[in-house]
Amino acid sequence: MNGFLDTEDMSSAKAPLKPSRRQFVGIGGVSAVSVLLGTGAITTNTAVAQPTLPDNPFKLGVASGDPRPDSVVLWTRLAPEPLAEDGHGGMHLVPIEVRYEVSADERFRRVARRGSVVATPELAHSVHAEVFGLEPGREYFYRFRVGREVSPTGRTKTSPLPTASPSSFSFAFASCQDWQTGYYTAYRHLVEEDLDLVIHLGDYIYEAGSYGPSYPRPQPGPGTQRDVIRALYEYRNRHAQYKTDEDLQAAHAAFPWVAVLDDHDVRDNFADAHHWELPPDLFREQRTSAFRAYYEHLPLRHTSIPRGPDMRLYRRLRHGSLVEFNVLDTRQYRDDQACGDGRQIDCDARLDPDRSILGPTQERWLLDGLTASDTTWNVLAQQVFFSRWAFDGNAELRSMDAWDGYEPSRERILSGLTQRSVSNPVVISGDIHVNVAADIKANFDDPDSETIGSEFAGTAISSVGDGTDFPAWAARDLETNPHFKFINSQRGYVRCSVSPQQWRADYRVVPYVSEPGAPITTRSSFTIENGRPGMEKT
Amino acid sequence: MSSNSDLDGASLYRRPLGPVRDLRATTEPAPDLQSVELDWGPPQPDRVIDYYTIYGSRRPDFAPGTASLLARSPVSFYRHSELGPDPETWYYRVVAVDAARKVGSFKRAPQVAATTAAGLRRIPRERLRATATSQHVGYEAARALDGDPATIWHSEWQPPAPLPQSITIDLGANADVEGLTYLPRQDGNQNGIITEHAIYASDDDRAYIRVTAGNWAGDATTKSAMFSAPGTRYVRLEAIEGGGGYAAGAEINLFGPAAD
């Protein structure tokens, strides 16, 4: 099948992305028509143009994503009854026409593009309108209409031309928004930031049942923590539950997002088709449902549409000649965790060079792209902690789930970064629910070895609750890991301001999430100078 | 943008959803209560399935309804458990529901049947005594025989005694033993849940013969083993691997041949 998921499309952030009908029809079976309808590439005579809906269908809000110089993807999902038991949001099971407008102004007096897409029941009436013909580096406003109902207005922004030299670029990255452990106060503050982009590094939903009455936000529906979701309608309703949060909706409506998933979007610490609860062929079926619901609820382009248990999420985005983001997927292709997962000492298998956290295809794609890159800053945007992290004061105690559990994978990236002279490598990560800033060393076992890049690990939006600024273990871990510059165990997100001369990371934290209304402060800031690896605390 | 009404008809999800494929029902004899495992293939490889509805009845000519609705399954496998101990015959149909909420036809769904074995006779607990190669104070071997799932045997953890460790049950007199059930701890903690195991039998507490070995899943459900140990006085469960590197158990039961 040529053309549809061509590596050429994904490997170059400059290649045209507009889907052609010929490319789609070549897929065969797999909801090819639904995809075409949902992205606006074709229309249909049988979609209902003026449906009678029971209520406002835009209760999950709007979103935009994957900005390029001439296009952006616009998302919404029709759900007048977001948590309807069958997972279809209270919709009748027929295709519905949804119209959209993209305007240069907030009042929609200067409409740049308008069109329609078709929401189908097989995609839970979600739409992913890929709008082309936009101008680079420009703010736009968008909204959807169904019948007489109008959605909230969203704001988005295209990226500059690939050859442009922007003088500044601001983005924030976030992860780990466990509903039950607290409020999304961090997102409420994020809306007030002046950003070009938001990147989400995974754990957008959490798949377990209720943790119990002592948690700040009860999860609707019955169940105990062990009532893990597995079926498509359950994942759809979990996503819908999360999207009813006003702060999350506002964060989506304010900026374009780039999203990639992590383990809790499917099942805790899954590794490709491995999870101890199910044999691989059955776990793939659960993964199929989880991936499907993830695509249905995030502003992803057609290139990320899942095909059975597979979903192409790793991709590249540029911001002019200033930054190139390599968005990675360290879950879908990784080998099973070594030595029974968790934190282990003396685990030989983690040093096996045949094991990989990216999988050989993605690893090759990453290194080839880094080699070819001409941008000032080169980012690895990915899920789990990248640098060495020795726990509990024990130099040998490492996480089998993070890159420490796949050390040769990391070695290959580190030698790639040095041998190919990649300009200003920066790794951003999530997963661990704490803030960490660290120098990436050529050899982590030698603290005096060369610093070749920087890692900014961002804390959770809400997992695992309020937290504290500097717990006892943090002081110990700073000592055992001399390449660490900073640890904080509160909730929040990281804001980055990038110019040709400097990269600045601000760790934004809230003092609590167990109640709404917390203020936000910058706990620490770090800068990197262009051409001089290593961060300075400001 | 072009209009393509011819493609509507081709849209996968506007067409009826076919039956599941290759539905099988299998049952293996277990010491106590029995189970039937159903597995099957999805109706069509390209169509995303939301869940499967499992129907079952003691009668072959049954209709879909609340009485015959056993469960919904998110994946193409279902275990129908807690059956018996008398033999039972069950008839099953599985119907798929797809991502567009198209439901397969019950009438055209294939039907399979399975008959469970008779359960064995449980050897009364009062006659049994247990010892272990390793135990922690308050978590002695006897706790695995006291009929209370909240009390457990647990190998020593201060300091941790490395596996393998074992628990040996003295029946007090020679008997024919044909099965063992192992109930792991029920408190949500994975430490000590026995996975890789071996079972030995002896009539003199000196020479032990291995009667079976295997791997149990690392979850808290009841596990079982069937074997042949005629004229046995001692039965030993050896934990070769267990959660966290420990061995623990809430309840162990032994079974002899069913009474005539």
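The structure we're discussing is the one just above.
Below is a short write-up of the structure.

Reading the values: rules and limits
Residues numbered from 1 in each chain as written. Chains lettered and ligands numbered in written order. Predicted model: local features only at pLDDT ≥ 70, side-chain atom pairs only at ≥ 80, totals over all residues. Heavy atoms only, no water. Pairing = 2+ DSSP bridges. Helix = DSSP H or I, 4+ residues; strand = E, 2+ residues; numbered from the N terminus. Axes fitted to C-alpha atoms, helices over the stretch in contact; angles between N-to-C directions. Parallel < 35°, antiparallel > 145°, perpendicular 65-115°, else oblique. Left-handed = near helix turned anticlockwise from the far one by under 90°. Contact = heavy atoms within 4.5 Å. Nonpolar A, V, L, I, M, F, W, Y, C, P; charged D, E, K, R; others polar. Buried < 20%, exposed > 50% of the residue type's maximum accessible area, 1.4 Å probe, protein only. Polar contact = N/O pair within 3.5 Å; in protein donor to acceptor, adjacent residues only side chain to side chain. Salt bridge = Lys/Arg side-chain N within 4 Å of Asp/Glu carboxyl O. Lys, Arg positive; Asp, Glu negative; His and termini not counted. Arc of directions from axis to C-beta. Core = buried A, V, L, I, M, F, W, Y, C linked by side-chain atoms within 4.5 Å. Disulfide = S-S within 2.5 Å. Phe/Tyr/Trp six-rings, centres within 6.5 Å; stacked < 30°, edge-to-face > 60°. Lys NZ or Arg CZ within 6 Å of the ring centre and 35° of its normal.

## Focus: the sheet that holds strand β19 (residues 435-441) of chain A
All names here are of chain A. Spatial strand order, β13-β14-β16-β18-β20-β19-β21: seven strands in an open sheet with mixed pairing. This sheet does not close on itself; its edge strands, each paired only once, are β13 (315-319) and β21 (484-488). Pairs of neighbouring strands in the sheet enclose a mean axial angle of 20°, with direction left out of account. As paired strands, β13 and strand β14 (residues 323-327) are joined by five bridges and run antiparallel to one another.

## With respect to the packing of helix α8 (residues 360-372) of chain A against helix α9 (residues 407-419) of chain A
All names here are of chain A. The N-to-C vectors of α8 and α9 enclose an angle of 15°; their axes lie 10 Å apart at closest approach. Taken together, the axes of α8 and α9 lie roughly parallel to each other. The crossing of α8 and α9 is right-handed. Mapping the contact onto sequence places Glu-363, Leu-366, Leu-367 and Leu-370 in α8 and Ser-409, Arg-412, Ile-413, Gly-416 and Leu-417 in α9. Of the residues contributing to the contact of α8 with α9, the split by class is five nonpolar, two polar and two charged.

## Quick notes on helix α6 (residues 246-254) of chain A
Residue and element names in this part refer to chain A. Within α6, seven of the nine residues are buried, which leaves the element mostly enclosed by the surrounding structure. When α6 is considered as a whole, its buried residues turn out to be Asp-247, Leu-248, Gln-249, Ala-251, His-252, Ala-253 and Ala-254. Structurally, α6 contributes buried residues whose contacts are with β2 (62-65), β7 (139-146), β9 (154-157), α4 (185-190), α5 (232-243) and β12 (257-259). Where α6 starts, the residue carrying a side-chain oxygen 2.8 Å from the main-chain nitrogen of Asp-247 turns out to be Asp-245.

## Remarks on the pattern of salt bridges
Residues and elements named next belong to chain A. For the coordinates displayed, the defined rule picks out 51 salt bridges over all chains. Measuring nitrogen to oxygen at the nearest pair gives 2.6 Å for the salt bridge that ties Arg-495 to Glu-193. One end of the pair, Arg-495, is in strand β22 (residues 491-498); the other, Glu-193, is in the loop between α4 and β11 (197-200), with 302 residues separating them in the sequence. As far as burial versus exposure is concerned, Arg-495 and Glu-193 are alike and both buried. Between Arg-236 and Glu-296 there is a salt bridge; the shortest N-O distance is 2.8 Å. Of this pair, Arg-236 sits in helix α5 while Glu-296 sits in helix α7 (residues 280-297), and the two are 60 residues apart along the sequence. On the accessibility criterion, Glu-296 (0% relative accessible area) is buried.

## Considering the packing of α5(A) against α7(A)
All names here are of chain A. Where α5 meets α7, the closest approach of the two axes is 8 Å, and the angle between their N-to-C directions is 35°. Two packed elements cross with a definite hand, and for α5 against α7 that hand is right-handed. Residue-level contacts link Leu-232, Tyr-235, Arg-236, His-239, Ala-240 and Lys-243 of α5 to Gln-286, Ser-289, Ala-290, Arg-292, Ala-293, Tyr-294, Glu-296 and His-297 of α7. Broken down by class, the residue content of the contact of α5 with α7 amounts to six nonpolar, four polar and four charged.

## Side note on the side chain of A:Arg312
Residues and elements named next belong to chain A. Following the sequence through the fold, Arg-312 ends up in the loop between α7 and β13. The buried charged residue Arg-312 lacks any salt bridge, with Asp-329 as its nearest oppositely charged partner at 8.0 Å. At 3.1 Å, the side chain of Arg-312 and the backbone oxygen of Tyr-314 are in polar contact.

## Quick word on helix α10 (residues 472-480) of chain A
Since the α-helix packs 3.6 residues into each turn, any two residues three or four apart lie on the same face. All names here are of chain A. Every buried residue belonging to α10 is among Ala-474, Asp-477 and Thr-480, and all of these are buried. Buried residues along α10 cover an arc of 125° about the axis, so they all sit on one side. Opposite the packed face of α10, turned more than 90 degrees from it, sit the exposed residues Ala-472 and Glu-479. Against β21 lie the buried residues of α10.

## Focus on the nonpolar core
All names here are of chain A. Residues Phe-171, Ile-428, Phe-456 and Trp-503 are the most contacted members of the largest nonpolar core, which totals 83 residues. At seven residues, the largest contribution of residues to this core is made by α7. By size, the runner-up hydrophobic cluster in this structure holds 33 residues, among which are Ile-357, Phe-391, Leu-417 and Ile-440.

## Focus on the sheet that holds strand β2 (residues 21-26) of chain B
Residue and element names in this part refer to chain B. Read across the open sheet, the three strands follow the order β2-β3-β6; overall the sheet is antiparallel. Among the strands making up the open sheet, the edge pair consists of β2 and β6 (77-83). Adjacent strand axes in the sheet meet at a mean angle of 10° when their direction is disregarded. In this sheet, strand β3 (residues 34-41) lies alongside β2 in antiparallel orientation, the contact comprising four bridges. Considered in β3, the bridge of Ala-25 is made with Leu-38.

## Some remarks on the state of the cysteines
All names here are of chain A. Applying the stated criterion to the full structure yields one disulfide over all chains. Here Cys-339 pairs with Cys-347 through a disulfide, and the sulfurs are 1.9 Å apart. Taking the sign of the S-S torsion, 85° for the link of Cys-339 and Cys-347, the bridge is right-handed. The partly exposed category is assigned to Cys-339, whose relative accessible area is 39%.

## A few points about the pairing of strand β4 (residues 96-103) of chain A
All names here are of chain A. The element β4 is largely enclosed, with a buried count of six among its eight residues. Where β4 meets strand β5 (residues 111-119), eight bridges bridge the pair, whose relative direction is antiparallel. Bridging across to β5, Tyr-100 finds its partner in Gly-115. Judged from the five bridges that link them, β4 and β7 form a sheet pairing that is antiparallel. By the bridge assignment, Ser-103 is partnered in β7 with Phe-141.

## Here we look at the packing of aromatic side chains
All names here are of chain A. Evaluated as defined, the whole model comprises 34 aromatic pairs over all chains. With a centroid separation of 5.6 Å and 20° between ring planes, the pair formed by Phe-169 and Phe-171 is classed as stacked. Taking the relative accessible area as the measure of exposure, Phe-169 reaches 2% and is therefore buried. For Phe-171, a relative accessible area of 0% puts it in the buried group. Seen from their ring centres, Tyr-211 and Tyr-215 are 5.2 Å apart, and the 70° between their planes marks the pair as edge-to-face. Here Tyr-215 falls in the partly exposed class, since its relative accessible area comes to 36%. These aromatic residues form a ring-pair network of at least three members: Phe-169, Phe-171, Phe-173, Phe-325, Trp-377 and Trp-503. Lying over the aromatic face of Trp-365, Arg-316 brings its terminal NZ or CZ to 3.8 Å of the ring centre.

## A few points about unusual backbone geometry
All names here are of chain B. Along the chain, Gly-84 connects to Pro-85 via a cis peptide bond; the corresponding omega equals 5°. Structurally, Pro-85 is set in the loop between β6 and β7 (89-98). The omega angle of the peptide bond from Gln-158 to Pro-159 is -5°, so this bond is cis rather than trans. Turning to its location among the elements, Pro-159 is positioned in the loop between β11 (153-154) and β12 (165-183). Of note in the backbone geometry, Arg-101 takes a positive phi value of approximately 65° without being a glycine. With respect to the secondary-structure elements, Arg-101 resides in the loop between β7 and β8 (111-115). Owing to a relative accessible area of 27%, Arg-101 belongs among the partly exposed residues under this scheme. One non-glycine residue with positive phi stands out, namely Asp-205, at about 65°.

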